Structures are given as C-alpha cells and as structure tokens.
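As a plain string of letters, each chain reads:
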2 protein chains.
Amino acid sequence: MSLVIIGTVAFDALETPFGKTDKIVGGAATYIGLSASYSVKPVKIVAVVGDDFPQSDILLLQEHGVDTEGLQIKEGEKSFFWSGKYSNDLNSRETLVTELNVLADFDPVLPDSYQDCKYLMLGNLSPQVQRLVIQRLVNRPKLIVMDTMNFWMDIALEELKTTIEMVDVLSINDEEARQLSGEHSLVKAANVIMAMGPKYLIIKKGEHGALLFHRKGNTNHVFYAPALPLEEVFDPTGAGDTFAGGFIGHLAATDDISFENMKRAVVHGSAMASFCVEKFGTERLLNLSQEEIEAREQLFADLVAVQPAMAVAQG
Amino acid sequence: MSLVIIGTVAFDALETPFGKTDKIVGGAATYIGLSASYSVKPVKIVAVVGDDFPQSDILLLQEHGVDTEGLQIKEGEKSFFWSGKYSNDLNSRETLVTELNVLADFDPVLPDSYQDCKYLMLGNLSPQVQRLVIQRLVNRPKLIVMDTMNFWMDIALEELKTTIEMVDVLSINDEEARQLSGEHSLVKAANVIMAMGPKYLIIKKGEHGALLFHRKGNTNHVFYAPALPLEEVFDPTGAGDTFAGGFIGHLAATDDISFENMKRAVVHGSAMASFCVEKFGTERLLNLSQEEIEAREQLFADLVAVQPAMAVAQG
C-alpha cells in the first residue's frame, strides 16, 4: 500500500482578514503529505526545495511519517515562493508574488525505494512533470489521483489532457470543471471529463462540499459530501490539497478502491480539510489526534443523517 | 391539520436560455399550494387576482385540492404580473416588468372556514400583509413558516423584523441570510437571525442545497440537504416556493414538528423543487405521481448515503 505524492514543498506568505504571516512552509506535497500521514505511513514525497529550506521543517515532515528521500535539495538555489492576499469573504484571492525558483526546471527523480508505489497522488504541478512521474514508475500504480488547476487549462490544455487521460481520479473545483468541459451543468461537465479518461471525478465546491462522480459502463454514480458549515474559516490555503491527502490516504490505508470506499475517503478528506482552514498554513495539521478526526467525521455523518419515519401519514 | 397559505396568484412571462413563455400562471401561493397538495388536502389559499384571471386556472387549482374560498377576485382590476429574463447560466435574472395591479392594496381577508388553521405558510409578500394574516387568526397556529426576499430588507427592514419575530421558521436564501444578519458566515448568520425570533431557519442555496438550523436552549442543530445534481435546469422560477410548499405540506400531513421530521420535510421540499425546475412554470407540478415523488426522495437519500466500513484498517 505504498503511497507516493508529487507536488510542491514551498514557502507561502499569506494575508487573510484575520492577519498575515511571514514566509511559512506550504506547498501541495506538504499539505497532502501531512494530511495523508494520519491514515498511512510512510508517505513518500517527490519534490524539490532550495538550500534556504530549513532542515527543521524537513525533520518535522519526517516526524509525521513523511519519507523525504525523494525531496531534492538544490544547493545555491531558492525554494518556490508564493504570496497571496484573500478577500474579506475569503472567496477570492490575489497573487502578490510567484517566484518559481527551483520549480522552473524541476526534474522529478524517483528513488528506487519508491518503485513499490501502489497509490500515486499527483499534486498540482505542470502536467508534463506529472506525466514524467507516471512514466518513471516501472509498474503502473493501482490508483492514480491527479489534482490540477485552471492555470494549466489556460496555458497547456493539450498537455493537460494527455496527462488526464492517464489517471483514474481527477480532482478539480467547480469552476475548473466548467472550464475544462465547456459545460455549465456539473453533471454534463462530469460526463465530458470522464470521457477524457478518468473513471472518477471529484468536483470540489469549497463551502458547498464535494461531488464524487463515477461512470461504470453506461451507469453514472454520484455522491455528495457536504462541507461542514463552519463558524469561521481562518485561512483556506491548502484546503484542497489537505482534502486530496485525506482522500488518497484513506484509500491507501484501506487498500479498497470500491465506489463505496471512495465515498468514505471523500468524507475523510472533507473532515481533514475542515481542520486545515481553522488556522494559518499547516498549523492545524501538525497535531491532530485520531479521536479528533473521528469526532469530526461523525459531525459530517450527523449533518446529513435522516432517520426514517416510523409511520408517515400521507394526506 | 388545516394548512393555510398566503401569497401571490399571478401571471408570469419568463425567458430562459431554452425558450420563452407568454403570460402563464405563477405566483408564490400557486407554487406553494400545488406543491403542498401532494402531501395534504385541502390547501387553503389567501390571495387576490383581477378579473383577467382565467376561471379555468382557478378550477385547475381546485382540482389539485386547493381551497380558493380565500382567493379574492377584484372586478375591473388586473392580476399581478411579473416578467423576467434569466442569464445563460440561470444564476441571475433580470426583471423586465413588474405590474402590482391588485397587489397594490391587497387586504388579506380570511374566510371563517380558515380559522382552524394549524399550519400557516406566509409566502413572499409585504411583511405588513404577512403580519395581518397572523393577527386575523383567532388562535395562533401550531407552526408559522415565513418566506421573504431581499426586496423587503431593502425597503421595509423594521417592518420585516417585526414580522420575523412572530414566526417559527424563516426560509430565505444564502445572500438574503447574509444581508439580514450582516454576517458572511452562514453559521453566524443563522445565530443572528434565530436571535430575532424564529427557532428554525432554512437557508436555501439553490444548486448547493439547503441548510436547516435550529436553536434549542444553548444547543444549535444543523442539517444539510444537498440539491440533486441535475443535468439540466430548464426554468428555476418557483423553485423556492415549491420547496416551501413541500416543506410545510409534509409537516401538516404528518402533524409532527420535531427537528427529525423537519429534516424529512426539507428533503421532501427539495425533491418537489427538483421537479419544478424541469419545465416552464408550474407545468411539472400539475401531474406528479406519489411513485415519482418517492423515487425522487430516494435519489436524495442515495446521494449522501455512506455505508459504514465492515473493518477499516488504519495505518
């Protein structure tokens, strides 16, 4: 049940209505890895940083069960840096700074010890780099989950489609699903996207939850996991990656890729994401207990639970 | 379990990306009444039309179990008329024409036969008129549900708050909840609004479903009913009223206002609304079978159903 994750390990500087941070550790592989580590260990990451990245933060990842053998450290170079500012309602954000640095020519080298990969999570990166990882694995993983974003649809659509064709599960948000498919209806969008290759599609709708679609033969299955109505979202950074990490972590831990188990993985991922947004950056993901996670999953179950009526009088 | 509904019975002219209609029968009381009639009969409506309103349409309502004794017909006057055009994605609409006509000085007269009212649905109307109906009932109903809209928040906020204070359940959409409360977080908004009087609050989120909040003592309960992901929404007109009609119809039929039964009422209302949007105006609400309705409710249940894992291995 070896789990390999590719993505960024980076610095973020964040500004939300509740405050701002200096450079803190972020990046898709960081969030995905930490989130998945609550389900399965080790989590093997493939990523690149510069020599400005603190050894203490690499140790922190390792303490959480993240295998960093595939984390390249480029001497004399700087780590990827992103800075953004959220709107007052947290529904939009403005990019203030993007410094690609080591990411500009990232070559994802897989250590031999990663070749047992059974579950592969392609965090948001260029579709070419994502595809290289699939190609460099001697055996195709049992399940490949891919995250991406509108940026690649804008500048590298054909490359993106080539990679999408190779994966089992695609995870994108509602606006991205509309952009990728050209359809406004999410049901139609899902059909168009699943025809591109993936048998499963997750459409993330932020505060409105997530939809899981699956086409099997001529039958479409759909599952709706609501998001927990939260009193306060402190910092949405990394919520999508944390969701993805929880999703694939649960699948890798249970080694069960039935649609029924994917539903549970979506609920688990949603629960992990609901923790992530409670504090800045990865802070809330560093010290969760299994009891907290199970209690949160129970809240998700309670949220939609309807007891059948014992006897319903119909007029 | 007598159910009384107040609202408009009117003409609409609609334009959606799929076509346009001439003047067709619409109005909140029409949608609410037809929707509720699938749960309970009779549905007693209080409304006003002009003498331009076809007798055949009044008969159609009566055939569905709508008691029209409280429907005033004003000789020499014209019915309320609204015309609107929807955007291509159906998420917004532009009002083309609003002719108040008989609605301008609507005095909601309650026939004596309506005084047994146990369930009262206040469809969207001026908060003064809604309040008059409560005041004209000799005995306070067991449950009062109120619908309203941002228009009244803009022009009659204090009147609106006075009426809201008198009801048990308020039903509004997410943007209206934010406007009424001044809070962006729907959880905070719900707390502010329930502090205004209603013990229950329904926040309708359109394609994202509906939230039901309930404060009991110091404990808040919340229920999330997702909307069915639909391939095509043909005409959203009346969906909110159809939801409300299904909601109060189910409660009146079962005469059970427990939170658990309100959840079932929300699911039933959501199912009824999902039919409404499939065709223009009230068309789809005129010929539904109980089998169709039950099958639709089952789809809602299946959409969020997660089977517990038999044995989940945790890494």
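Rules used in this analysis
Residues numbered from 1 in each chain as written. Chains lettered and ligands numbered in written order. Predicted model: local features only at pLDDT ≥ 70, side-chain atom pairs only at ≥ 80, totals over all residues. Heavy atoms only, no water. UniProt positions renumbered as here; feature names shortened; annotations may be inferred. Helix = DSSP H or I, 4+ residues; strand = E, 2+ residues; numbered from the N terminus. Phe/Tyr/Trp six-rings, centres within 6.5 Å; stacked < 30°, edge-to-face > 60°. Lys NZ or Arg CZ within 6 Å of the ring centre and 35° of its normal. Pairing = 2+ DSSP bridges. Axes fitted to C-alpha atoms, helices over the stretch in contact; angles between N-to-C directions. Contact = heavy atoms within 4.5 Å. Buried area = accessible area lost by both parts, 1.4 Å probe. Salt bridge = Lys/Arg side-chain N within 4 Å of Asp/Glu carboxyl O. Parallel < 35°, antiparallel > 145°, perpendicular 65-115°, else oblique. Left-handed = near helix turned anticlockwise from the far one by under 90°. Nonpolar A, V, L, I, M, F, W, Y, C, P; charged D, E, K, R; others polar. Buried < 20%, exposed > 50% of the residue type's maximum accessible area, 1.4 Å probe, protein only.

Draft legend 1. Quick peek at the UniProt feature "domain: Carbohydrate kinase PfkB" (unreviewed entry) in chain A. Mapped onto the present numbering, the UniProt feature "domain: Carbohydrate kinase PfkB" (unreviewed entry) falls on residues 22–283 of chain A. The span residues 22–283 of chain A carries 35% helix and 26% strand; its end-to-end C-alpha distance comes to 14 Å.

Draft legend 2. Structural detail: the packing of aromatic side chains. All names here are of chain A. Considering all chains together, one arrives at 11 aromatic pairs over all chains under this definition. Summarising the aromatic geometry, the rings of Phe234 and Phe280 are spaced 4.8 Å apart at their centres and angled 75° between planes, so their arrangement reads as edge-to-face. A residue pair is termed long-range when its members are at least 10 positions apart, and Phe234 in the loop between strand 14 (219–225) and helix 8 (239–254) and Phe280 in the loop between helix 9 (259–276) and helix 10 (290–304) qualify at 46 residues. Taken together through their ring pairs, the aromatic side chains of Phe18, Phe234 and Phe280 make up a single cluster. The ring of Phe81 has Lys23 sitting right over it, with the charged end atom 4.5 Å from the ring centre.

Draft legend 3. Representation of the sheet that holds strand 9 (residues 117–122) of chain A within the structure. All names here are of chain A. Overall, mixed pairing links the 9 strands, which are arranged 6-5-1-9-10-11-12-13-14 in an open sheet. Of all strands in the sheet, those with a lone pairing partner are strand 6 (66–74) and strand 14, marking the two edges. Adjacent strand axes in the sheet meet at a mean angle of 20° when their direction is disregarded. Sheet topology note: the strand 11 (residues 169–173)/strand 12 (residues 200–204) ladder contains 5 bridges and is parallel. Paired with Ile172 across the bridge in strand 12 is Ile203. Across the sheet, helix 2 (residues 55–63) is in contact with strand 5 (43–50) and strand 6; its angle to strand 6 comes to roughly 160°. The strands that helix 6 (residues 174–181) touches are strand 11 and strand 12; relative to strand 11, the one it contacts most, it runs at about 110°.

Draft legend 4. Expanded view of the interface of chain A and chain B. Chain A puts 43 residues into the contact, and the matching count from chain B is 43 residues. For the chain A and chain B pair, buried surface summed over both sides reaches about 3,500 Å², with 55% attributable to carbon and sulfur atoms. Applying the counting rule to chain A against chain B returns 4 salt bridges. Here Lys188(B) ties to Glu232(A) by a salt bridge, and the two come within 2.7 Å at their closest N and O atoms. Where the side of chain A that touches chain B is concerned, the elements lending two or more residues are helix 7 (186–194), strand 14, helix 8, helix 9 and helix 10 of chain A.

Draft legend 5. Spatial organisation of the packing of helix 1 (residues 28–37) of chain B against helix 8 (residues 239–254) of chain B. Residues and elements named next belong to chain B. As a packed pair, helix 1 and helix 8 sit with axes 7 Å apart at the nearest point and diverge in direction by 40°. The angle between helix 1 and helix 8 falls in the class oblique. Classified by chirality, the crossing of helix 8 by helix 1 is right-handed. Counting all contacts with helix 1, which are made through Ala28, Tyr31, Ile32, Ser35 and Ala36, the residues of helix 8 involved are Asp241, Thr242, Gly245, Gly246 and Gly249. Each residue belonging to the contact of helix 1 with helix 8 can be placed in one class, and the counts come to 4 nonpolar, 5 polar and 1 charged.

Draft legend 6. Region of the structure containing the pairing of strand 7 (residues 81–86) of chain A. Residue and element names in this part refer to chain A. Across the 6 residues that make up strand 7, a large majority, 5, are buried. Sheet topology places strand 2 (residues 10–16) next to strand 7; 5 bridges connect them, and they run parallel. In the strand pairing of strand 7, Asp12 is matched with Trp82. Of the strand pairs in this sheet, strand 7 and strand 8 (residues 93–99) are connected by 6 bridges, and their pairing is antiparallel. Considered in strand 8, the bridge of Tyr86 is made with Arg93. Following strand 7, the chain reverses through 6 residues before pairing antiparallel with strand 8; Leu90 in that reversal takes a positive phi of roughly 65°.

Draft legend 7. Structural view of the environment of Gly182(B). Residues and elements named next belong to chain B. Within the secondary structure layout, Gly182 lies in the loop between helix 6 (174–181) and helix 7 (186–194). In this structure Gly182 comes out as exposed when scored by relative accessible area, which is 63%. As for Gly182 and Arg136, which are separated by 46 residues in sequence, their C-alpha atoms are 32 Å apart.

Draft legend 8. The arrangement of the sheet that holds strand 11 (residues 169–173) of chain B in detail. Residue and element names in this part refer to chain B. Taking strand neighbours across the sheet as the criterion, the 9 strands line up as 6-5-1-9-10-11-12-13-14 in an open arrangement whose pairing is mixed. Two strands bound the open sheet, and with one partner strand each, they are strand 6 (66–74) and strand 14 (219–225). Within this sheet the neighbouring strands show an average axis-to-axis angle of 15°, counted without direction. For strand 5 (residues 43–50) and strand 6, the ladder comprises 7 bridges, and the chain directions are parallel. By the bridge assignment, Gly50 is partnered in strand 6 with Lys74. In this fold helix 9 (residues 259–276) packs onto strand 10 (143–147), strand 11, strand 12 (200–204), strand 13 (210–216) and strand 14, with an angle of close to 25° to the strand it touches most, strand 14.

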